Amino acid sequence: MSSSRGQIIPADLTIVTGLKAGDQGAMADLYDRYSSVVYAVALRVLGDTGAAEDVLQEVFLQLWRNPGAFDAARGSLASWLAVVTRNRAIDSLRKRHPETDIEDVVLSIAPDLAGAAELARAAEKVRGVMGSMAPAQRSALELAYWEGMSHSEIAEKTGEPLGTIKTRIRAGLIALRKAFQT
Amino acid sequence: MSEHEQYAEDLALYALDALLGDDRAKLDQHLTACAACRLELERLRADTALLAMSAMGPRPPQRARQRLLDAVAREGRAPLAHDVSRRPWWGWLGWAATAAVIVFALSLWQENALLRATLASASGRQAESARQLEELRKIAAPIIEPEAQRVTLVATKTPPQPQGKAFYLRSRNSLVFLASNMPALPPQKAYELWLIPMSGSPVPAGVFKPDAHGSGSLVNPPLPAGLEAKAFAITIENESGSPTPTSPILMSGAGE
C-alpha cells in the first residue's frame, strides 16, 4: 500500500517507539543513524566543533525527553532533526533563548532520508541545485538559512530591495522542492 | 492576487525564521485561520530541511556518542507528561474498521498510562506501559506486517469498485483514510482527499497515489484543529497537491 504525507519510515518508527518506551538502545540507534546530519548542520551554522557537539547533545536529549514531539507519520526523522538543529544552532549563534519549541516544528512531504545512501544522494542533489542558482539567489537563501538573517538584514547587507530578497528566497526553496519531485 | 498568493513569499521567510515584526504577527494571525497556508508552511519547512542536507560531510568526534549515552543514562526515563505524544505513532496503523479501533484503543491506553502515573512507581509504570504496548502491537500485527494478506470481500460476480474509508476523530485531530481499487493515475497526478467542513471551503487532507493493486492511504495529514466534517471527497490534482479542488469530485461520502 502506498501512502504519502503520512509516509512512514520504518526505521524512524522503530527508533521513536523505543524512545517512547524509555529504551536507551533506541537512543544509540538514533545517534548512529542521524548524528552525521545533526552535527553537520550545527557545524555549518556555528563553525565551531565544540559548539556543534553541544548542539548535537542538546537536540538528541530534547528528543529523549520528549519523543512525542516527532510524529513518525508525518515525514522523515532526518528532515525533522535537520530543521530542529538548524533552529537551535541559529539561536546559539545569535545568543538568544530557543525561539521555536520542538513540538512546533511540523514538516510534511519530506523525501525519504532514512539511510546513509539516501542522505548522501540528497546532499549531492541539493548541492547541484544550489550550484545552478544565480549567485544572488543562492546568497540570499544561504544568508537566511545558515546565518539566520532576517529579510531586512539581508536587504541591508546586499543593497537589494526587500521584495527582491523575498522573491529570491521563496524561488530558491521551490527550486529545491521541484528537484526532489522529479 | 489571492490571499494565499499575498502570503506566499512571507511564508518562505517564516519557514526560515527570517520574518520579523509586523509582517510575522500578521502572518501568525492568518495562519490560525488558513489551513492551506499552514500546509504550505509545512512544505516549506521540508524544503528547508533539504537545504540542510547540503552541509552533510563532517562527522562528530567519537567521544560524542558516549557522552550522549552517558547523559541519557544519568537522566533516566523522561517524565511521563512528556511521553504523551500529540499524535500517536500508531495512528498510521490501520485497515478498514480495525484502524479506527486501534486509534481509539491507543488513546485509551495513553490516558490510562497518564492516570497510572499518579499512582504507580516509575519502574512499575514503565513495565506496565511496555506490556500494554506489546498487547497493542500483537493486535496490530495482522494490520501492519507487510506479509499480511489483505482481502476485500464483495458480493459474488460484483466487479471491484473504488472505495475509500475515512476515520476521523475530531477531538484528537486524527484522520486515517484507506482506499482500495483506485484506478491508476496519469503521470504527475495524485488523488487528493478533501475534508468538507460544516461551513466554508473544502480543506485539503492529503494526497496519495495508489499502489499497483489500487490501494492507498493517508494518516494524520495536517488539518486545522477541531474542524467538524460534513463529508469527505476525492479529486485528482497535481501530485504536489492543491489548496483548492480544481477537478470534479470523483468520490464522496458523509458520516455513517
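Caption draft 1: The overall build of chain B, seen in detail. Of the regular secondary structure elements, chain B holds seven helices and seven strands. Ordered by position in the sequence, the α and β elements of chain B form the string α-α-α-α-α-α-α-β-β-β-β-β-β-β. Within chain B, the fraction of its 256 residues that count as buried is 36%. The contacts in chain B between residues at least 6 apart in sequence include a share of 61% that link residues at least 24 apart.

Caption draft 2: Structural view of the overall build of chain A. Tallying secondary structure elements over chain A gives eight helices and one strand in all. Once local pairs closer than 6 in sequence are excluded, the contacts in chain A between residues at least 24 apart make up 67%.

Caption draft 3: Molecular detail of the pairing of strand 3 (residues 189–197) of chain B. All names here are of chain B. Among the nine residues of strand 3, seven are classified as buried, and the element is accordingly described as predominantly covered. With nine bridges connecting them, strand 3 and strand 6 (residues 229–238) associate as antiparallel partners. Residue pairing across strands places L195 opposite F232, the latter belonging to strand 6. Relative to strand 4 (residues 203–208), strand 3 runs antiparallel, the two sharing four bridges. Across the sheet, residue Y191 finds its bridge partner in strand 4, namely F208. Counting the residues that bridge the hairpin from strand 3 to strand 4 gives five residues, and of these G200 lies at a positive phi of roughly 95 degrees.

Caption draft 4: Highlighting the confidence of the model for chain A. Of all residues in chain A, 83% attain a pLDDT of 70 or more, and the chain-wide mean is 84. Every residue in residues 1–6 of chain A scores below 50 in pLDDT, and together they form 33 contacts with partners more than four places removed in sequence or on other chains.

Caption draft 5: Examining the nonpolar core more closely. Within the largest apolar cluster, 76 residues are counted, with the highest numbers of intra-cluster contacts made by V37(A), V41(A), A42(A), L81(A) and A144(A). Looking at this core element by element, the count peaks at 13 residues for helix 2 (residues 24–46) of chain A. Look past the residues within four positions of A42(A) in its chain and what remains in contact with it is A52(A), V55(A), L56(A), T85(A) and A89(A). Counting residues in each nonpolar core, the second largest holds 27 residues, with F167(B), M182(B), L195(B) and A205(B) among its members.

Caption draft 6: Quick look at the pairing of strand 2 (residues 174–180) of chain B. All names here are of chain B. The element strand 2 is largely enclosed, with a buried count of seven among its seven residues. The pairing of strand 1 (residues 163–169) with strand 2 spans seven bridges and is classified as antiparallel. Across the sheet, residue A166 finds its bridge partner in strand 2, namely F177. Between the antiparallel neighbours strand 1 and strand 2 lie four residues, among them N173 with a positive phi of about 55 degrees. Here four bridges tie strand 2 to strand 5 (residues 216–219), and the two strands are oriented antiparallel to one another. Along strand 5, the bridge assignment pairs F177 with L218.

Caption draft 7: Region of interest: the sheet that holds strand 6 of chain B. All names here are of chain B. The strand order across the open sheet formed by four strands is 4-3-6-7, and the pairing between neighbours is antiparallel. The open sheet terminates on both sides in strands that have one partner only, identified here as strand 4 and strand 7 (251–254). Ignoring strand direction, the axes of neighbouring strands in this sheet form an average angle of 20 degrees.

Caption draft 8: Main features of helix 3 (residues 35–52) of chain B. Between its first and last C-alpha atoms helix 3 of chain B spans 26 Å; for 18 residues at 1.5 Å apiece the expected length is 26 Å, and the two agree. Of all the 18 residues making up helix 3 of chain B, 16 are buried; the element is thus mostly covered by neighbouring parts of the structure.

Caption draft 9: How the structure looks around the confidence of the model for chain B. All names here are of chain B. Summarising the model, chain B shows a mean pLDDT of 75, and 65% of its residues fall at 70 or more. Taken together, the stretch residues 79–97 has pLDDT below 50 and engages in 56 contacts with residues farther than four places along the chain or on a different chain. The complex prediction reports pTM at 0.59, with the ipTM value standing at 0.84.

Caption draft 10: Spatial organisation of helix 3 (residues 49–65) of chain A. Under the 1.5 Å per step criterion, the end-to-end length of helix 3 of chain A is 24 Å for 17 residues, consistent within 8% with the ideal 24 Å. If you check which residues of helix 3 of chain A are buried, you get A52(A), E53(A), V55(A), L56(A), V59(A), F60(A), L63(A) and W64(A). Residues of helix 3 of chain A that are buried make contact with helix 1 (10–20), helix 2 and helix 4 (77–93) of chain A together with helix 4 (63–75) of chain B.

Calculation rules
- Residues numbered from 1 in each chain as written.
- Chains lettered and ligands numbered in written order.
- Predicted model: local features only at pLDDT ≥ 70, side-chain atom pairs only at ≥ 80, totals over all residues.
- Helix = DSSP H or I, 4+ residues; strand = E, 2+ residues; numbered from the N terminus.
- Buried ≥ 20, exposed ≤ 12 C-beta atoms within 10 Å, placed from the backbone.
- Contact = placed C-beta atoms within 7 Å.
- Pairing = 2+ DSSP bridges.
- pLDDT = per-residue confidence, 0-100.
- Core = buried A, V, L, I, M, F, W, Y, C linked by C-beta atoms within 7 Å.
- Axes fitted to C-alpha atoms, helices over the stretch in contact; angles between N-to-C directions.
- Expected span 1.5 Å × (residues − 1).

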